[in-house]
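Okay, here's what each chain looks like letter by letter:
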Amino acid sequence: MSHDHHMNGSMLPTMHPPEHHHSMAAPGHGHGSDMMMMAMTFHFSYENVPLLFSGLVINTPGEMAGAFVAVFFLAMFYEGLKIARECLLRKSQVSIRYNSMPVPGPNGTILMETHKTVGQQMLSFPHLLQTVLHIIQVVVSYFLMLIFMTYNGYLCIAVAAGAGMGYFFFSWKKAVVVDITEHCH
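An account of the accompanying structure is given in this report. (Residues numbered from 1 in each chain as written. Predicted model: local features only at pLDDT ≥ 70, side-chain atom pairs only at ≥ 80, totals over all residues. Heavy atoms only, no water.)

## Brief notes about the overall build of the protein chain
So, point 1. What the protein chain contains, in helices and strands, is three helices and six strands.
So, point 2. In sequence order, the secondary structure elements of the protein chain are arranged as β-β-β-β-α-β-β-α-α.
So, point 3. Counting the 185 residues in the protein chain, one finds 25% classified as buried.
So, point 4. Long-range pairs, those at least 24 residues apart, make up 54% of the contacts in the protein chain between residues at least 6 apart in sequence.
So, point 5. Counting only carbon and sulfur atoms, one obtains 69% of the accessible surface of the protein chain, whose full area is about 12800 Å². (Helix = DSSP H or I, 4+ residues; strand = E, 2+ residues; numbered from the N terminus. Buried < 20%, exposed > 50% of the residue type's maximum accessible area, 1.4 Å probe, protein only. Contact = heavy atoms within 4.5 Å. Areas by Shrake-Rupley, 256 points an atom, 1.4 Å probe, with all protein chains shown as cover.)

In structure tokens form, the structure reads like this:
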């Protein structure tokens, strides 16, 4: 029996009947499983495109359009979350101390060097909030990575365009402060 139908040339994700499955992980043990063959090259398809969960499969142009919009906004949310965490971190810095210490200067003079120390308490609401937001940020980043790894061109464009638009909308709020006393840039 020939199995040439497994290599359909386009390498699009396809579902095969259970009796024709061949698992790469365990040769000979794929029979009877419900396995989806994934494309490992970029493609522009809207049929049989898995999206994060086994029960979430895109099969129509409308579903792909909806998934594009959802992924676009998820990527924008990710960029906004990164900037929001930076803003919250700046606001939660509870103690800022400036320490001056004398250091030898040229020709036997003494210069005063100032160091800025920023403190934050570990058992505080701002730190707990930062921790929860960090967990959300990590989960969303892995979701976006897995979506990109479907190699579906539409979904990859949605991730990139959403991240770009999110950066455009949110990053302008990111203040760049240059500390002239900082020597390591």
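And the narrative resumes.
## Describing the pairing of strand 4 (residues 53-58)
So, point 1. Relative to strand 4, strand 3 (residues 49-51) runs antiparallel, the two sharing three bridges. Of the residues in strand 4, the one forming a bridge with Leu51 is Phe53.
So, point 2. Between strand 3 and strand 4, which pair antiparallel and follow one another directly, the connecting turn spans one residue, one of which, Leu52, has a positive phi of 70 degrees. (Pairing = 2+ DSSP bridges.)

## Points about helix 3 (residues 153-170)
Residues spaced three or four apart along an α-helix point in a common direction, a consequence of the helix completing one turn every 3.6 residues.
So, point 1. The terminal C-alpha atoms of helix 3, which comprises 18 residues, lie 25 Å apart, in line with the 26 Å expected from a rise of 1.5 Å per residue.
So, point 2. Among the residues of helix 3, Gly153, Leu155, Cys156, Ala158, Val159, Gly162 and Gly166 are the ones counted as buried.
So, point 3. Capping the start of helix 3, Asn152 holds a side-chain oxygen 2.9 Å from the backbone nitrogen of Tyr154, two or three residues further along. (Expected span 1.5 Å × (residues − 1). Polar contact = N/O pair within 3.5 Å; in protein donor to acceptor, adjacent residues only side chain to side chain.)

## Structural notes on the pattern of salt bridges
So, point 1. Under the counting rule described, the total for this entry stands at one salt bridge.
So, point 2. A salt bridge links Lys82 to Glu79; the nearest nitrogen and oxygen atoms lie 3.4 Å apart. Separated by three residues within a single helix, Lys82 and Glu79 lie in helix 1 (residues 61-92), roughly one turn from each other.
So, point 3. Among the residues examined, Lys82 registers a relative accessible area of 28% and is labelled partly exposed.
So, point 4. Judged by relative accessible area, Glu79 falls into the buried class, the value being 11%. (Salt bridge = Lys/Arg side-chain N within 4 Å of Asp/Glu carboxyl O.)

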